[in-house]
Amino acid sequence: MFDLLVRNTTLPDGRTGIDIAASGGKIVAVAPSIAGEAAREIDAGGLLVTPPFVDAHFHLDGTLTLGLAGKPNKSGTLAEGIRLWGETQPFLTAEGLRKRALAYCDLAVSQGLLAIRSHVDITDDSLLGVEVLAEVKAAVAPYLDVQLVAFPQMGYFSKPSMPGNFIRALDMGVDVVGGIPHLEPTDALGHLATTALCTLAAERGLMVDMHCDENDDPLSRQIETLTYETRRLGMGGRVAGSHLCSMHSMDNFFAARLIERMASAGVAAIANPIANMTLQGRIDTYPKRRGMLRAPELMAAGAAVAFGQDSVLDPWYPMGRADMLDVAHMGAHVAHMTGDDGLRACFAAVTENAARIIGLDGYGLAPGCNADFVLLQAADPADAIRLRPVRLAVVRRGKVIAETPMQTTRLALPGRPDVIDPVRSVRAAS
Ligand SMILES: [Zn+2]
């Protein structure tokens, strides 16, 4: 007797007619026509089941604060977003931070997003954000994995107390060392900050994830130092560069050499396609640059690449709905990854690649993995990115924790079907 049996699924790797059985919180079988019964059985009807979506880059302390300071981001720039975030600080309370972070986690679960790496600003010496998000992390742990990154929004050298804030935040249980070297007072100080923070992470055996080169300056090359330190400190596989927007504008020869070095050092790259398209290129007239890292080239070189959401309803981005398929959809367009292989790679960038980069245990659709998965109203990964469909069932440790009804539309047209749905109606006609 299984706890849960999902019949007749399609898997992201293309296998069809596959049943998935779960017991004791784990997947115990993945095969056609599994014999046996379950406390709950779901007929997937041939639709796609995927491991949960994973957001490798988010800000849970900033989310849903749009308008808290009473002003929108008029210029749409990163700089105005950071300024507005500063003006938002006096309005931040523990209760408000907790309420918004928990509400976002609810939304995430409804979208099958069950793991989030969230940066948390440690600029304010109170470390209020760390305190609240550590509580939220514990509260949501039964249904959603939150990983916290200590993030110096204004820079490591922005204030004398910052090195101490890092130590305190890590002692409070923050998991990952962050940074923002391109925002330090000088380029040279950016490199020094990177070295100091990588050294701190190596001493504590922690991962590193830095906001890095989030600008359109072709000569912003902090990622070069992050890559060097990764190799020097033997931290391959535990370091990520987030954004890396300048890579879009770099000289092609330099970029090619950099990509090769990143791949061989084991530095992962986390693009944030929606944020990058919103915030970058703002100083350009025409043509306007895209400001997103070179995802297909990094992937081809063997580097791990994920796409993150970064912002939802905050001073940097006034939209968003915790849907990682929105992120994959934007990434596919921005990076010209619209071929079949490209769409599959974009799907991987918000699922398995992101899980690998943040070091998520027990992830996948194989016996022995955690029984965490999502049934989508889509035929395959490309269809999922096309439709960004409802999540029919979201499963955590073998239990259904969110359900959304199948989307159908009733038509009143002469000689046409009474009811259509976005998957089967299109399939039947093509
Ligand atoms: Zn960010």
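Nothing here was measured: the structure is a model prediction, and the numbers come from that model.

Participant: Sorry if this is basic, but what is going on with the pairing of strand β14 (residues 373–376) here?
Facilitator: Two faces make up the sheet, and in a regular strand the side chains alternate between them. Residues Phe-373 and Leu-375 of β14 are buried on one face, and the alternating residues Val-374 and Leu-376, pointing to the opposite face, are buried as well. The sheet contact formed by β14 and strand β15 (residues 391–396) spans four bridges and is antiparallel. When the sheet's bridge partners are listed, Phe-373 is paired in β15 with Val-395.

Participant: Sorry, what's going on with the pattern of salt bridges here?
Facilitator: A side chain of one charge can pair with a side chain of the opposite charge when the charged atoms of the two come close. In the structure shown here, the tally under the stated rule is 25 salt bridges. A salt bridge links Glu-95 to Arg-98; its shortest N-O distance comes to 2.7 Å. Taken together, the residues span about one helical turn, with Glu-95 and Arg-98 both in helix α2 (residues 94–110) at a distance of three residues. A relative accessible area of 48% places Glu-95 in the partly exposed class.

Participant: Explain the domain arrangement of the chain here, please?
Facilitator: As a measure of interface size, the accessible area lost when the parts come together is often cited. The domain boundaries assigned to the chain delineate domain 1 (2–51 + 364–410) and domain 2 (53–358). With centres defined by C-alpha atoms, the gap from domain 1 to domain 2 works out at 30 Å. When the area that domain 1 buries against domain 2 is broken down by residue, the three leading residues are Ile-385, Arg-391 and Arg-396, summing to 40%. At the boundary of domain 1 with domain 2, the tally comes to three salt bridges. Between Asp-323 and Arg-391 there is a salt bridge; the shortest N-O distance is 2.4 Å. Here domain 1 is connected to domain 2 by seven residue pairs in polar contact (both at pLDDT 80 or more). Mapped by element, the contributors of at least two residues to the side of domain 1 that touches domain 2 are β14, α14 (381–387), β15 and β16 (399–403). Classifying every residue of the side of domain 1 that touches domain 2 by side-chain character gives 14 nonpolar, one polar and three charged.

Participant: What am I meant to see in the environment of Gly-308 here?
Facilitator: Here Gly-308 is to be found in the loop between β13 (305–307) and α11 (324–334). The exposure class of Gly-308 is buried, given its relative accessible area of 0%. Contacts of Gly-308, omitting those with residues within four sequence positions, involve Asp-55, His-57, Ile-270, Ala-271, Asn-272, Pro-273, Met-324 and Val-327.

Participant: Explain the packing of helix α5 (residues 187–204) against helix α6 (residues 222–232) here, please?
Facilitator: The description of two packed helices rests on the angle between their axes and on the distance between the axes. Between α5 and α6, the shortest axis-to-axis distance is 9 Å and the interhelical angle comes to 25°. As far as their axial angle goes, α6 and α5 are roughly parallel. Handedness of the crossing formed by α5 with α6: right-handed. Along the contact surface, α5 presents Asp-187, Gly-190, His-191, Thr-194, Thr-195, Cys-198 and Thr-199, while α6 presents Gln-222, Thr-225, Leu-226, Glu-229 and Arg-232. For the contact of α5 with α6, a count of residues per class yields two nonpolar, seven polar and three charged.

What counts, and at which threshold
Residues numbered from 1 in each chain as written. Predicted model: local features only at pLDDT ≥ 70, side-chain atom pairs only at ≥ 80, totals over all residues. Heavy atoms only, no water. Buried < 20%, exposed > 50% of the residue type's maximum accessible area, 1.4 Å probe, protein only. Helix = DSSP H or I, 4+ residues; strand = E, 2+ residues; numbered from the N terminus. Pairing = 2+ DSSP bridges. Salt bridge = Lys/Arg side-chain N within 4 Å of Asp/Glu carboxyl O. Domains from an automatic or database assignment. Buried area = accessible area lost by both parts, 1.4 Å probe. Polar contact = N/O pair within 3.5 Å; in protein donor to acceptor, adjacent residues only side chain to side chain. Nonpolar A, V, L, I, M, F, W, Y, C, P; charged D, E, K, R; others polar. Contact = heavy atoms within 4.5 Å. Axes fitted to C-alpha atoms, helices over the stretch in contact; angles between N-to-C directions. Parallel < 35°, antiparallel > 145°, perpendicular 65-115°, else oblique. Left-handed = near helix turned anticlockwise from the far one by under 90°.

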